[in-house]
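# Overview (structure and organization)
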Amino acid sequence: MQPAFIFTRPQTPEQRAASITKARELLANAERVLIGAGAGLSTAAGHDYGGQRFKETFPAFIKNYGITDMYSGGFYPYPTEEEKWAYWARQATVNCLGEDALPLYRELFEWAKKRDYFVVTTNVDLQFEKAGFNPQRIFEPQGSYDTIQCSTGEHGIKNATELFAAIEVDTNKGERTRITDPSLVPMCEVCGSPMEMHLRVDGSFVQDDAWYAAQERYKRFVEEIPEKPTLLLELGVGWNTPVWIRMPFETIARETGSPLVRMNYDEAAVDKSLPKAVAIEGDIAETFPAITQ
Ligand SMILES: [Zn+2]
């Protein structure tokens, strides 16, 4: 087979049109699909971590700390726990706890629900669950916005949905950048250490029984690929943490001969060794409807 859909950046309109035609055929015929999703999918869906959306939701934090977007905001060394948790309650609320499924994720579910699917995502915004995907068919190796953990990494994880809602009330939705009620600052109930978001930033990230069980379900789904033809659908996965999706998906495609559809705003190029790969560059909010209509 000719690697007709390989391209060098930027993709020409002709290459893109050919890729969309091919992807449409692959998606229409897919009975089983492994979806891999990265930050680019949530950005396309509306979760822009910078720009106007950031300015509107974090004005007091921009003023007090000079943070420039929600990536740098997460790494800012807040001088107190009261400030750290005021920040994280805001970020978790605007990107996850305070909103419903976004339209692009709903569209994705409408297409996937008629199929045997599994999702692996480095996104932590729980959009797949919100859109209707079965949590038993989702593996989120990097954590999620609704949970916190002991900073030692030794004492499990804890749901923080109610805590963050209470902090948002305390700070009046981030109008103040510091919690006034000290009882709202979470501490580990086992050892008294400060808590952290349950997001993978270093080696102390907690992988509990539920994490390993989800990983096991994901492994089983992948192991069945040689017997059950499966489409690999990679959405918005860049080079931040390629070890979770981008590299394994290429390996699976190479070893099983499975077709791989890679959709990415500007990093869709696929290796020439994958003749069945289809690359579609551009805004996924525009290109996904084009391949499912
Ligand atoms: Zn602890």
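Just so you know, these numbers come straight off a predicted model, no measurement behind them.

Turning to the confidence of the model for the chain, a few remarks are in order. For the chain, per-residue confidence averages 94 on the pLDDT scale, and residues scoring 70 or more make up 97% of the total. Segment residues 1-5 is flagged for pLDDT under 50; beyond a separation of four residues in sequence, or across chains, it makes eleven contacts in the model.

Pairing is parallel in the open sheet, where six strands are placed in the order S3-S2-S1-S7-S8-S9. Edge strands, defined here as strands with exactly one partner in the open sheet, are strand S3 (138-139) and strand S9 (277-281). Inspection of the sheet shows strand S1 (residues 32-37) paired to strand S7 (residues 231-235) by five bridges, in the parallel sense. Looking across to S7, one finds that Val-33 is bridged to Leu-231. Lying over the sheet, helix H1 (residues 13-29) contacts S7, strand S8 (260-264) and S9, oriented at roughly 125° with respect to S9. Sitting on the sheet, helix H10 (residues 209-223) is in contact with S1, strand S2 (116-121) and S3, with an inclination near 130° to S2.

Turning our eyes to something else, we now look at the sheet that holds strand S4 (residues 143-150). The three strands lie next to each other as S5-S4-S6, forming an open sheet whose pairing is antiparallel. The strands lining the two open edges of the sheet, one partner per strand, are strand S5 (157-159) and strand S6 (195-199). On average, each strand axis in the sheet is tilted by 45° relative to the strand beside it, whichever way the strands run. By the bridge criterion, three bridges tie S4 to S5 in an arrangement that is antiparallel. Bridge pairing links Ile-148 to Lys-158 in S5. Here helix H9 (residues 161-170) sits on the sheet and contacts S4, S5 and S6; the angle it forms with S4, its principal contact strand, is near 95°.

Right, let's get into the packing of aromatic side chains. Pairs of aromatic rings are described using the distance from one ring centre to the other and the angle between the two planes. The full count for this structure, using the stated rule, is 23 aromatic pairs. For the pair Tyr-105 and Phe-128, a centre-to-centre distance of 5.0 Å together with 90° between the ring planes defines the contact as edge-to-face. Taken together, the positions of Tyr-105 in helix H7 (residues 103-112) and Phe-128 in helix H8 (residues 127-131) put the pair 23 residues apart, joining distant regions of the chain. Here Tyr-105 matches Phe-128 in class, with each residue buried. Note on Trp-211 and Trp-244: the rings are 6.3 Å apart at their centroids and 80° apart in plane angle, and the pair reads as edge-to-face. Highlighted residues: Trp-211 in helix H10 and Trp-244 in the loop between S7 and helix H11 (246-256), separated in sequence by 33 residues. Overall, Trp-211 belongs to the buried group, its relative accessible area being 7%. What links up through ring pairs into an aromatic cluster is the set Phe-54, Phe-58, Phe-61, Tyr-65, Tyr-76, Tyr-78, Tyr-87 and Trp-88. Sitting above the plane of the Phe-221 ring, Arg-32 keeps its charged end 3.7 Å from the centroid. One Lys or Arg, Arg-137, reaches over the ring of Tyr-117 and ends 5.5 Å from the middle of that ring.

Turning our attention to H7. Residues of H7 that are buried: Leu-104, Tyr-105, Leu-108, Phe-109, Trp-111 and Ala-112. On an axial view of H7, the arc spanned by its buried residues comes to 160°, and they lie on one face.

Turning to the packing of H7 against helix H12 (residues 284-292), a few remarks are in order. Between H7 and H12, whose axes approach to 10 Å, the crossing angle comes to 20°. The orientation of H7 relative to H12 falls into the category roughly parallel. The two elements H7 and H12 meet at a crossing, and its hand is left-handed. In this structure, H7 contributes Leu-104, Glu-107, Leu-108 and Trp-111 to the contact, and H12 contributes Ile-284, Ala-285, Phe-288, Pro-289 and Thr-292. When the residues that make up the contact of H7 with H12 are grouped by side-chain class, the tally is seven nonpolar, one polar and one charged.

Taken together, the protein donors to the zinc ion comprise Cys-150 (SG), His-155 (ND1), Cys-188 (SG) and Cys-191 (SG), at separations of 2.1 to 2.4 Å. For the zinc ion, the four donor atoms in the first shell make angles of 106 to 112° at the metal, so the coordination geometry reads as tetrahedral. In the primary sequence, the donor residues of the zinc ion line up as C-x4-H-x32-C-x2-C. Taken as a pair, Cys-150 in strand S4 and Cys-188 in the loop between H9 and S6 lie far apart in primary sequence, 38 residues in all.

So, about the side chain of Lys-84. Of note, Lys-84 is situated in helix H6 (residues 81-97). Accessibility expressed as a relative area gives 11% for Lys-84, which makes it buried. Separated by 3.2 Å, the side chains of Lys-84 and Glu-81 make a polar contact. Not counting chain neighbours up to four residues away, the residues in contact with Lys-84 comprise Tyr-78, Met-195 and Glu-196.

Basis of the calculations
Residues numbered from 1 in each chain as written. Predicted model: local features only at pLDDT ≥ 70, side-chain atom pairs only at ≥ 80, totals over all residues. Heavy atoms only, no water. pLDDT = per-residue confidence, 0-100. Contact = heavy atoms within 4.5 Å. Pairing = 2+ DSSP bridges. Helix = DSSP H or I, 4+ residues; strand = E, 2+ residues; numbered from the N terminus. Axes fitted to C-alpha atoms, helices over the stretch in contact; angles between N-to-C directions. Phe/Tyr/Trp six-rings, centres within 6.5 Å; stacked < 30°, edge-to-face > 60°. Buried < 20%, exposed > 50% of the residue type's maximum accessible area, 1.4 Å probe, protein only. Lys NZ or Arg CZ within 6 Å of the ring centre and 35° of its normal. Arc of directions from axis to C-beta. Parallel < 35°, antiparallel > 145°, perpendicular 65-115°, else oblique. Left-handed = near helix turned anticlockwise from the far one by under 90°. Nonpolar A, V, L, I, M, F, W, Y, C, P; charged D, E, K, R; others polar. Donors = N, O, S within 2.8 Å, 3.2 Å for Na, K, Ca; no water. Tetrahedral: all angles 85-135°; square planar, octahedral: opposite > 155°, others 65-115°. Polar contact = N/O pair within 3.5 Å; in protein donor to acceptor, adjacent residues only side chain to side chain.

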